[in-house]
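If you want the building blocks of each chain, they are given just below.
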Amino acid sequence: MTVPPLPETFVRRMRAQYGTAAEAYFAAMELPPARGLRINPHKSPAEPLAALIDGVGAPVPWAADGYILSAGSAAGLHPLHEAGAYYLQEPSAMLPAALAAARPGETVLDLCAAPGGKATQLAAAMAGRGTLVANEIVPARAQVLSRNLERMGAPNALVISADPARLAAAWPSLFSVVLADAPCSGEGMFRRHPETRLEWDGGAPARCALRQMKILESACAILKAGGRLCYSTCTLNRTENEDVITAFLAAHPEFEPAAFTVPVGGGKTLEARNGCVRLAPHEVTGEGHFAALLYKTAA
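Residues numbered from 1 in each chain as written. Predicted model: local features only at pLDDT ≥ 70, side-chain atom pairs only at ≥ 80, totals over all residues. Heavy atoms only, no water.

Asks: Could you give an account of the overall build of the chain, with specific residues and numbers?
Replies: A tally of helices and strands in the chain yields eleven helices and 14 strands. Relative to the 2.2 N^0.38 estimate, which gives 19 Å for 299 residues, the radius of gyration of the chain is 18 Å and therefore close to what a compact globule would have. If you line up the chain on its principal axes, its C-alpha atoms span 50 × 50 × 40 Å. Counting only residues that meet the buried cut, the chain has 52% of its 299 residues in that class. The contacts in the chain between residues at least 6 apart in sequence include a share of 73% that link residues at least 24 apart. Only carbon and sulfur atoms are counted for the fraction: they give 57% of the accessible area of the chain, which is about 13000 Å². Of the side-chain charges in the chain, 26 are positive and 27 negative, and the distance between the mean point of each set is 2 Å. (Helix = DSSP H or I, 4+ residues; strand = E, 2+ residues; numbered from the N terminus. Rg over C-alpha atoms; globule rule 2.2 N^0.38 Å. Buried < 20%, exposed > 50% of the residue type's maximum accessible area, 1.4 Å probe, protein only. Contact = heavy atoms within 4.5 Å. Areas by Shrake-Rupley, 256 points an atom, 1.4 Å probe, with all protein chains shown as cover. Lys, Arg positive; Asp, Glu negative; His and termini not counted. Charge placed at Lys NZ, Arg CZ, Asp CG, Glu CD.)

Asks: Residues and numbers for the sheet that holds strand E1 (residues 35-39), please.
Replies: Pairing is antiparallel in the open sheet, where four strands are placed in the order E2-E3-E1-E4. The sheet is open, and its two edges are formed by strand E2 (56-59) and strand E4 (86-88), each paired on a single side. The mean angle between the axes of side-by-side strands here comes to 35 degrees, regardless of whether they run parallel or antiparallel. Alignment of E1 against E4, held across three bridges, turns out to be antiparallel. Paired with leucine 37 across the strands is leucine 88, a residue of E4. (Pairing = 2+ DSSP bridges. Axes fitted to C-alpha atoms, helices over the stretch in contact; angles between N-to-C directions.)

Asks: Describe the side chain of serine 92, and please don't skip the residues or the numbers.
Replies: The topology assignment puts serine 92 in the loop between E4 and helix H5 (95-100). Residue serine 92 is classed as buried on the basis of its relative accessible area of 0%. In this structure the side chain of serine 92 is engaged in a polar contact, spanning 2.5 Å, whose partner is the side chain of glutamate 90. Apart from the residues within four sequence positions on either side, serine 92 is in contact with Trp62, Leu279, Thr285, Gly286, Glu287, Gly288 and His289. (Polar contact = N/O pair within 3.5 Å; in protein donor to acceptor, adjacent residues only side chain to side chain.)

Asks: Kindly report on the state of the cysteines, identifying the contributing residues and their values.
Replies: The final tally for this structure, using the stated rule, is zero disulfides. The closest cysteine sulfur to the non-disulfide-bonded cysteine 208 is located on cysteine 184, 6.4 Å from its own sulfur. With relative accessibility at 8%, the residue cysteine 208 sits in the buried group. Summary of cysteine pairing: cysteine 230 is not part of a disulfide, and the nearest cysteine sulfur, belonging to cysteine 276, is at 10 Å. (Disulfide = S-S within 2.5 Å.)

Asks: Requested: an account of the side chain of arginine 278, with residues and values cited.
Replies: Turning to its location among the elements, arginine 278 is positioned in strand E13 (residues 276-279). In terms of polar contacts, arginine 278 uses its side chain to reach the backbone carbonyl oxygen of leucine 236, at 2.4 Å. A polar contact of 2.7 Å, which involves the side chain of arginine 278, links it to the side chain of glutamate 242. Those residues in contact with arginine 278, other than ones at most four positions away along the chain, are Gln17, Tyr18, Leu236, Asn237, Arg238, Glu242, Leu270, His289 and Phe290.

Asks: Break down helix H2 (residues 22-29) for me, with residues and values.
Replies: Among all positions in H2, only Ala22, Tyr25, Phe26, Ala28 and Met29 are buried. On an axial view of H2, the arc spanned by its buried residues comes to 160 degrees, and they lie on one face. Its buried side turned inward, H2 meets helix H1 (8-18) and helix H9 (196-199). (Arc of directions from axis to C-beta.)

Asks: Outline helix H11 (residues 242-251), listing residues and values.
Replies: When H11 is considered as a whole, its buried residues turn out to be Val244, Ile245, Phe248 and Leu249. When H11 is viewed along its axis, its buried side chains cluster within an angular range of 125 degrees and face the same direction. The inward-facing, buried residues of H11 contact helix H10 (204-222), strand E9 (223-233), strand E10 (255-257), E13 and strand E14 (289-296).

Asks: Account for the environment of cysteine 208, naming residues and giving values.
Replies: Counting through the fold element by element, cysteine 208 comes out in helix H10. If we ignore the near neighbours within four places in the chain, the residues touching cysteine 208 are Pro183, Cys184, Ser185 and Glu240.

The following block contains the structure:
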């Protein structure tokens with residue numbers, strides 16, 4: 001299959017956004033996609049996984065139990081995968097749940113949870129204590145989410161399928177942690193699923209941003225005072241990321257951006273700006289992800 005070129009409008013916008021780093025970004029977008037896995041600490045075998053599974057490489061710097069996986073690894077076909085000993089997940093997608101930092105005993109909501117990578121990561125951190133609600137508005141995707149949480153052995157997880165606005169009305173100020181990995185224009189899929197390059201259009205980021213703001217409004221209502229809100233997307237454009245967070249913070253003075261750094265390997269770290277960080281494919285091993293961490297200081 002011939003890989004379609006990156007959309008012209010996308011190229012123009014990202015060149016303006018990245019400036020002198022744009023060509024490195026575009027070159028990275030034509031490389032093979034990054035792969036990774038997360039060990040399930042509650043089902044991990046006694047032997048090191050690298051001794052049992054082919055292609056397990058270096059640790060993912062920003063995610064506990066995350067490892068880079070080689071392109072040719074058949075880890076998805078191994079019985080340990082079916083048994084829930086690990087979850088296949090591209091490395092940069094491990095960032096949001098790591099930032100949310102769910103703890104045992106907390107009430108946690110993954111608002112847009114399918115297929116379950118981030119939900120299972122939250123569940124691992126909670127160690128079976130507290131309550132994890134994993135929501136997916138599309139029923140068929142909610143079934144996939146449910147199977148993955150069951151496979152990974154999350155005894156304290158509940159899967160639901162509801163519009164976030166309905167949850168906000170039913171569960172005001174209930175959760176101590178909310179993760180909203182919002183539906184986006186899918187630019188982070190351009191390398192792993194090149195056919196999505198043909199489906200993207202220049203108006204997608206703006207349309208997605210409107211939906212993302214609505215999701216954040218629901219997340220705001222659901223989160224209790226003193227709680228943590230992590231917003232993320234698999235796009236790197238400003239429209240769906242920094243601009244959404246800036247608008248949300250302007251409308252909600254009860255929230256403040258968190259100050260934090262993200263280790264990216266080699267002794268280097270990324271420092272959050274206004275609570276936001278981005279992992280780009282020309283800078284780290286991953287397909288690219290944006291994440292923001294906010295604290296709700298008042299009701």
